[in-house]
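Analysis of the macromolecular model
Next come the chains, spelled out residue by residue.
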Amino acid sequence: VRTAAVIPAAGRGVRLGPGAPKALRALNGTPMLIHAVRAMAASRAVSLVVVVAPPDGAPEVRSLLDAHALPERTEFVVVPGGETRQESVKLGLDALPDGYDIVLVHDAARPLVPVDTVDSVVEAVREGAVAVVPALPLADTVKEVEPAEGAPEPVVATPVRARLRAVQTPQGFDRKALVHAHETVTEDVTDDASMIEQLGGTVVVVPGHEEAFKVTRPLDLVLAEAVLARRRA
Ligand code: C5P
């Protein structure tokens, strides 16, 4: 069974501060997107990587890929993305050739996910799961609030922390199920697996990894560069 990875990389990265689209910002001199592409291609299971570029940035992303050393056994395709992450993933799925029955969806904003995490997601799909997400227990207690702008927000509920998981990527899917979900679910979602849940499908969790954290705020860049420095040491 062949596996492809779709990497949505079309976000602006507003929370990271002003500058280039998030995926194109450098970590230790190499664009975050290149780290993420290498993290997917590092898995022997992945033979195709589809990068979803900013809507007007496909040529730039193509030249970035061509300018960096990447494994030769992997094929790389670049397509322009959309307004939302969901749209971007759909555009990536539209570009998949026949013959790939397992699809990983991986945020460009998670450049440092270890290959063992990628492999364990693929393995769980190969063993029959329709949708697989890597996730970790939470350190913080989480409260649901009634959002209020500029005022203290009333707490509505406190879910039991031991039952919560913080979900990462790559998320792995049976390709047909994911394509069907993207064609059917129209509400906004923040991850792909929740579309499968909405349609009544079963999603399972495998252990995630600390280093698969999402680079969202400026402090995350500091942490990412520290992780890279530690890997080199
Ligand atoms: O905004 P967020 O951090 O949830 O974005 C997660 C991933 O989705 C990032 O890699 C980002 O580049 C991507 N994205 C996208 N198209 C958008 C918005 C986000 O590909 N329109």
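The name an unreviewed UniProt entry assigns to the chain is 2-C-methyl-D-erythritol 4-phosphate cytidylyltransferase, from the organism Streptomyces roseirectus. Listed in UniProt under the heading Catalytic activity (unreviewed entry), the comment for the chain reads: "2-C-methyl-D-erythritol 4-phosphate + CTP + H(+) = 4-CDP-2-C-methyl-D-erythritol + diphosphate". According to the UniProt record, the Sequence similarities (unreviewed entry) comment for the chain is "Belongs to the IspD/TarI cytidylyltransferase family. IspD subfamily."

**Quick word on the overall build of the chain**
Each helix and strand in the chain was counted, giving seven helices and 12 strands. At 18 Å, the chain has a C-alpha radius of gyration in line with the 17 Å of a compact globule built from 233 residues. Judged by the C-alpha coordinates and their principal axes, the chain covers about 55 × 40 × 35 Å. Considering the chain as a whole, with its 233 residues, one finds that 37% of them fall into the buried category.

**Remarks on the UniProt feature "site: Positions MEP for the nucleophilic attack" (unreviewed entry) in the chain**
As recorded in UniProt, the feature "site: Positions MEP for the nucleophilic attack" (unreviewed entry) lies at R161 and K214. Residue position: R161 is located in the loop between β9 (155–157) and β10 (165–167). Exposure remark for R161: the 12 C-beta atoms within 10 Å place this residue in the exposed category. If sequence neighbours within four positions are ignored, R161 has contacts with L138, T141 and V142. Examined against the element boundaries, K214 turns out to sit in the loop between β12 (203–207) and α7 (218–232). The class for K214 is partly exposed, based on 14 C-beta atoms found within 10 Å.

**Re helix α5 (residues 175–184)**
When we look at burial in α5, the residues that qualify are R175, L178 and A181. Taken around the axis of α5, the buried residues stretch over an arc of 130°, which confines them to a single face. Away from its buried face by more than 90 degrees, α5 exposes K176, E183 and T184. Turning to α5, the residues buried within the fold contact α3 (85–94), β6 (100–105), β11 (171–174) and α6 (193–198).

**Quick notes on the UniProt feature "site: Transition state stabilizer" (unreviewed entry) in the chain**
Per the UniProt record, "site: Transition state stabilizer" (unreviewed entry) is found at R15 and K22. In this structure, R15 sits in the loop between β1 (2–8) and β2 (26–27). Within the secondary structure, K22 is located in the loop between β1 and β2. Residue K22 is classed as buried on the basis of its C-beta count, with 25 C-beta atoms lying within 10 Å.

**Considerations on the pairing of β1**
Most of β1 is tucked away, with six of its seven residues classed as buried. Bridge count for β1 against β6 is five bridges, and the pairing is parallel. Counted as the bridge partner of A5 is L104 from β6. With six bridges connecting them, β1 and strand β4 (residues 46–53) associate as parallel partners. Its bridge partner lying in β4, A5 is registered against V49.

**Focus on the environment of P159**
Structurally, P159 can be placed in the loop between β9 and β10. Measuring from C-alpha to C-alpha, the distance between P159 and H180 comes to 31 Å, with 21 residues separating the pair along the chain. If near-sequence neighbours (up to four positions away) are discounted, P159 is found in contact with V142 and L164.

**Quick word on the nonpolar core**
The biggest cluster of nonpolar side chains holds 55 residues, and the ones touching the most others in it are V6, I7, L33, M40, V49 and V51. Sorting elements by how many residues they give to this core places helix α1 (residues 32–41) first, with eight residues. Discounting residues that sit within four places of it in the chain, M40 has contacts with A5, I7, V46, V49, L104, H106, V118 and P170.

Reading the values: the criteria
Residues numbered from 1 in each chain as written. Predicted model: local features only at pLDDT ≥ 70, side-chain atom pairs only at ≥ 80, totals over all residues. UniProt positions renumbered as here; feature names shortened; annotations may be inferred. Helix = DSSP H or I, 4+ residues; strand = E, 2+ residues; numbered from the N terminus. Rg over C-alpha atoms; globule rule 2.2 N^0.38 Å. Buried ≥ 20, exposed ≤ 12 C-beta atoms within 10 Å, placed from the backbone. Contact = placed C-beta atoms within 7 Å. Arc of directions from axis to C-beta. Pairing = 2+ DSSP bridges. Core = buried A, V, L, I, M, F, W, Y, C linked by C-beta atoms within 7 Å.

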